[in-house]
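Residue-level structure breakdown
Residues per chain, in single letters:
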Amino acid sequence: MRQAGIDIGSRSIELVVIEEGKVVVSKQAESGFNPVERVEELIADVSFDKVMATGYGRASLEIAFDYPTITEIKAYGIGAAALHPGVRGILDIGGQDTKVISLNEKGKVFKFEMNDKCAAGTGKFLEMMATSLGYEQHTLGLEALKGQEGIEINSMCAVFAESEVTSLLAKGCQRADIALAIHQSVCRRAVGMIKRQDLKAPILFAGGVANNSCMIHLLQQTLGEDLIIPESPQFVGAYGAAVLAGLQ
């Protein structure tokens, strides 16, 4: 039996198809203005027997295709526990939200916290800061690792932080130093959420920002422990949805 999981996020859509527990298809696309059309394109040449949708836009698939849905919290919990048995905590920094999820000894979600609807501390925030600094999005983390400490970004509002960056550049501050300060501000926000939820190790780092080398470094340094980084951190939710599809 082939089970499909579709995770419609605010920035991207992930599709995973598993067969006997192994991934046989994985695809990704930007959500765009019409995520239903993007999903139609993703599944056009893909066969599956069961499907489960999750994520920010899961309701649109429930309406368009009558697909069953699951909350992203539960999907990430199931996906993380299936990929890395024994994991106790999840940090997911996605396009427009950040989640921390606690799992019990059996891999079940028992508490969680999400940030508000502001883009602060998310992938979108980092994208905006990369643009302000004149970096490509995929190089921001690498450049930040070259930076020196000493600058602090005080605002976690994306708009006000952008003004801070502009002001710092006008003062002659090095771009790499500002990039490091930006990552440190996001790290502080994420660590604050982790501590409020008292996440236990091992902690899995999911979402697009888990591909950022500077963020991984700062989080591990601040927490004093290694994080589990999945091979494809953006696909954890879709994988969890696919696993659950087989149980329905």
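This text goes with the structure placed above it.
Bear in mind the structure is a predicted one, so any value in this text is a computation, not a measurement. (Residues numbered from 1 in each chain as written. Predicted model: local features only at pLDDT ≥ 70, side-chain atom pairs only at ≥ 80, totals over all residues. Heavy atoms only, no water.)

**Regarding the environment of G5**
Stated formally: By definition, any uninterrupted DSSP run of H or I lasting at least four residues is a helix, any uninterrupted run of E lasting at least two residues is a strand, and each is numbered from the N terminus. The buried label goes to any residue with under 20% of its type's maximum accessible area, the exposed label to any with over 50%, and the partly exposed label to all in between, with areas taken from a 1.4 Å probe on protein chains only. For this analysis, residues touch if any pair of their heavy atoms sits within 4.5 Å.
Its place among the elements puts G5 in strand β1 (residues 2-8). Accessibility expressed as a relative area gives 0% for G5, which makes it buried. Setting aside its immediate chain neighbours within four residues, G5 contacts E14, L15, V16, M52, A238, A241 and A242.

**Digging into helix α1 (residues 35-43)**
As a reminder of what qualifies: Here, the arc refers to the directions that run from the helix axis to the C-beta atoms.
Three or more residues of α1 are buried, namely V36, R38, V39, L42 and I43. The buried residues of α1 occupy an angular sector of 155° when projected down its axis, which confines them to one face. Its buried side turned inward, α1 meets β1, β2 (12-19), β3 (22-30) and α2 (58-65).

**Notes on unusual backbone geometry**
In most cases, non-glycine residues show a negative phi, while peptide bonds are predominantly trans. With an omega of 0°, the peptide bond between A201 and P202 qualifies as cis. If you trace the backbone, P202 turns up in the loop between α7 (175-197) and β8 (203-206). Despite not being glycine, E20 has its phi angle at roughly 55°, a positive value. With respect to the secondary-structure elements, E20 resides in the loop between β2 and β3. Although it is not a glycine, D66 sits at a positive phi angle of roughly 60°. Counting through the fold element by element, D66 comes out in the loop between α2 and α3 (72-83). When its relative accessible area of 64% is taken as the criterion, D66 is described as exposed.

**A few points about the pattern of salt bridges**
Counted only if it meets this: Any carboxyl oxygen of Asp or Glu within 4 Å of a side-chain nitrogen of Lys or Arg constitutes a salt bridge here.
Tallied over the full model, the rule gives 12 salt bridges. A salt bridge links E143 to K146; the shortest N-O distance between them is 3.3 Å. D198 is paired through a salt bridge with K200; the nearest N and O atoms lie 3.0 Å apart. Overall, the relative accessible area of 42% leaves D198 in the partly exposed class. Here the salt bridges do not stand alone but share partners, grouping R58, E72, D92, D97 and K99 into one network.

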